[in-house]
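Spelled out, the chains give:
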Number of protein chains: 2
Amino acid sequence: MLQHHCKDCQIKSAAAKNLNTEEFDILESNSAQVIFKKGENIFKEGALSLNVAYLRTGIVKVHMHGPTREKILRIVKAPSYLGIPITFGDKINQYSATAIEDTSVCFIDSNYFRNFIYSNGKFAYEIIVELCKNELKDYHRYTSQSQKQIPGLVAETLLCISETIYNNSRFNFPLTRNEFGDMVGTSRESVSRVLSELSNEKIIEINGKEITILKKDTLEKISKNG
Amino acid sequence: MLQHHCKDCQIKSAAAKNLNTEEFDILESNSAQVIFKKGENIFKEGALSLNVAYLRTGIVKVHMHGPTREKILRIVKAPSYLGIPITFGDKINQYSATAIEDTSVCFIDSNYFRNFIYSNGKFAYEIIVELCKNELKDYHRYTSQSQKQIPGLVAETLLCISETIYNNSRFNFPLTRNEFGDMVGTSRESVSRVLSELSNEKIIEINGKEITILKKDTLEKISKNG
DNA sequence: ACCCAAATGTGATATAAATCACATAAGTTG
DNA sequence: CAACTTATGTGATTTATATCACATTTGGGT
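Presented here is a report on the structure given in the accompanying data block. Since this is a predicted model, take the numbers as computed values, not measurements. (Residues numbered from 1 in each chain as written. Chains lettered and ligands numbered in written order. Predicted model: local features only at pLDDT ≥ 70, side-chain atom pairs only at ≥ 80, totals over all residues. Heavy atoms only, no water.)

### A look at the interface of chain B and chain A
Okay, step 1: Chain B puts 46 residues into the contact, and the matching count from chain A is 46 residues.
Okay, step 2: Of the roughly 4200 Å² buried between chain B and chain A, counting both surfaces, carbon and sulfur atoms make up 67%.
Okay, step 3: Contact with chain A buries surface across chain B, with Tyr139(B), Tyr142(B) and Gln147(B) losing the most and accounting together for 18% of the total.
Okay, step 4: Inspection of the chain B/chain A interface yields zero salt bridges.
Okay, step 5: Summed over the shared surface of chain B and chain A, the result is 20 residue pairs in polar contact (both at pLDDT 80 or more).
Okay, step 6: When residues of the side of chain B that touches chain A are traced back to their parent elements, those giving at least two are β4 (59-65), β5 (70-77), α2 (84-88), α3 (110-119) and α4 (121-147) of chain B.
Okay, step 7: Ranked by the residues each element gives to the side of chain B that touches chain A, the list is headed by α4(B), at 22 residues. (Contact = heavy atoms within 4.5 Å. Buried area = accessible area lost by both parts, 1.4 Å probe. Salt bridge = Lys/Arg side-chain N within 4 Å of Asp/Glu carboxyl O. Polar contact = N/O pair within 3.5 Å; in protein donor to acceptor, adjacent residues only side chain to side chain. Helix = DSSP H or I, 4+ residues; strand = E, 2+ residues; numbered from the N terminus.)

What follows is the structure, encoded as structure tokens:
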């Protein structure tokens, strides 16, 4: 647990911006900041959920066991809450979170978090907005994944990672081929093949983990046409 | 718009149970109850969202346009809010809702709904709980759908409709084969074939729209094994 | 009750993707 | 740095499912 001063935190959530001095004091005494290295587990499916996790910096994969393999539900970039649903939707975590880059997470005692919802309407409203926005994004991904073919899904994922996570056409792809498959619901071999093909056609460039999107418009076309 | 008295409503949401007399008056003056017949559209993707819809009675499908066809995101049984995310996640509806049984829906002016969140913490908390529970359910379905094969998905869907919507092993299946396909992400032909096979093997019985689950344990095994 | 449109069932064929198999490359750890 | 384990690329084969085609059936509307 690191020294932390919630009131002066420069990376407040939209919800936390509505807390008053007294509430920040409560937050500070009932939360703990923890650093996770790449690959470390932040919370685990099946465990009791006693805290709300707030991802302050870093990138995380949210994942759960599926019928045949692990499923990566979403990639979350800080700042964002991580699994409010596992705290208020069920006593037991229904999914896991694992750092895919070095990450700092604030764990907030869920009783106090709940009290903020009870007592601070603007805080509650911002939490609701975040949950709602996530649901909409999930539904779009959900729909894509059940209808597009693999090349479309791979293209969509590359664009998404490039645009929403790294804001850059060149980036270190944070997942293994296997995890990429777990994310779009296919095998590592199929991902490999599609990436090779995109590379051969000079639509992307691959250097180990580093991927560069060379022809964004073509990739968007592939993504759109499924 | 029907006469309605929110305070005396017997089908209050978990959130609305926390409203006081004054708030019920506000709710009553800023909401309208509307009846929808089977097949009628309740709200439509692309339209501006100015109301929160509360499904008071009936059954509804929530759906959106996908890359190649319509996608049924979930089947919702009353009582439940219908698309809080389209109200607070985006100005424009990202998905549609259509009655699949006769249905009554209360439309609540979203400004007043927002005010309840601001001023009534227990109301806000129950909304958050509902959003969270839905997210967890969605993630499980999401994961199934990206990993199970068609027979598993058909079995899962039959069990889900039987258990969570009708609480009965015999029920009128509320979707066409095409819609069933839109729901699990497959073609109507594949759905037909799987249903025929389940019927041939006496695991279910089909009489037009009426489906009876004869061997629930076998169906569960098929669902589990994908 | 009749007509027409929509929904359904089922066989034949095509195809995307899984799986299997193996070689190679990259990381990890003692 | 050597020995592993893990990750990756790619060909060959198999398989589940989409698609196409067409015959029935069902159900709503006048």
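### Structural notes on the relation of the copies chain B and chain A
Okay, step 1: Note on the identical chains: chain B maps onto chain A by a rotation of 180° and an axial translation of 0.0 Å, with an RMSD of 0.0 Å. These values place the two chain copies in the arrangement generated by a two-fold rotation axis.
Okay, step 2: Mapped onto chain A, 100% of the interface residues of chain B are again interface residues, and the two copies thus contact each other with one and the same surface. (Least-squares fit on C-alpha atoms with pLDDT ≥ 70 in both.)

### Focus on the protein's contact with DNA strand C
Okay, step 1: If you check the shell around DNA strand C, you find 20 residues, and the closest are Thr186(A), Ser190(A), Arg177(B), Ser192(B) and Ser196(B).
Okay, step 2: Backbone atoms, meaning sugar and phosphate, make up 52% of the atoms of DNA strand C lying within 4 Å of the protein.
Okay, step 3: Contact distances for DNA strand C include 2.5 Å between a phosphate oxygen and a side-chain N or O atom of Ser192(B).
Okay, step 4: Between a base nitrogen of DNA strand C and a side-chain N or O atom of Arg193(B), the distance comes to 3.0 Å.
Okay, step 5: Listing elements by their share of the surface near DNA strand C, those giving two or more residues are α5 (150-166) and α7 (188-200) of chain A together with α6 (177-184) and α7 (188-200) of chain B. (Near = heavy atom within 4 Å.)

Take it as geometry only, folks, not as evidence of what the structure does.
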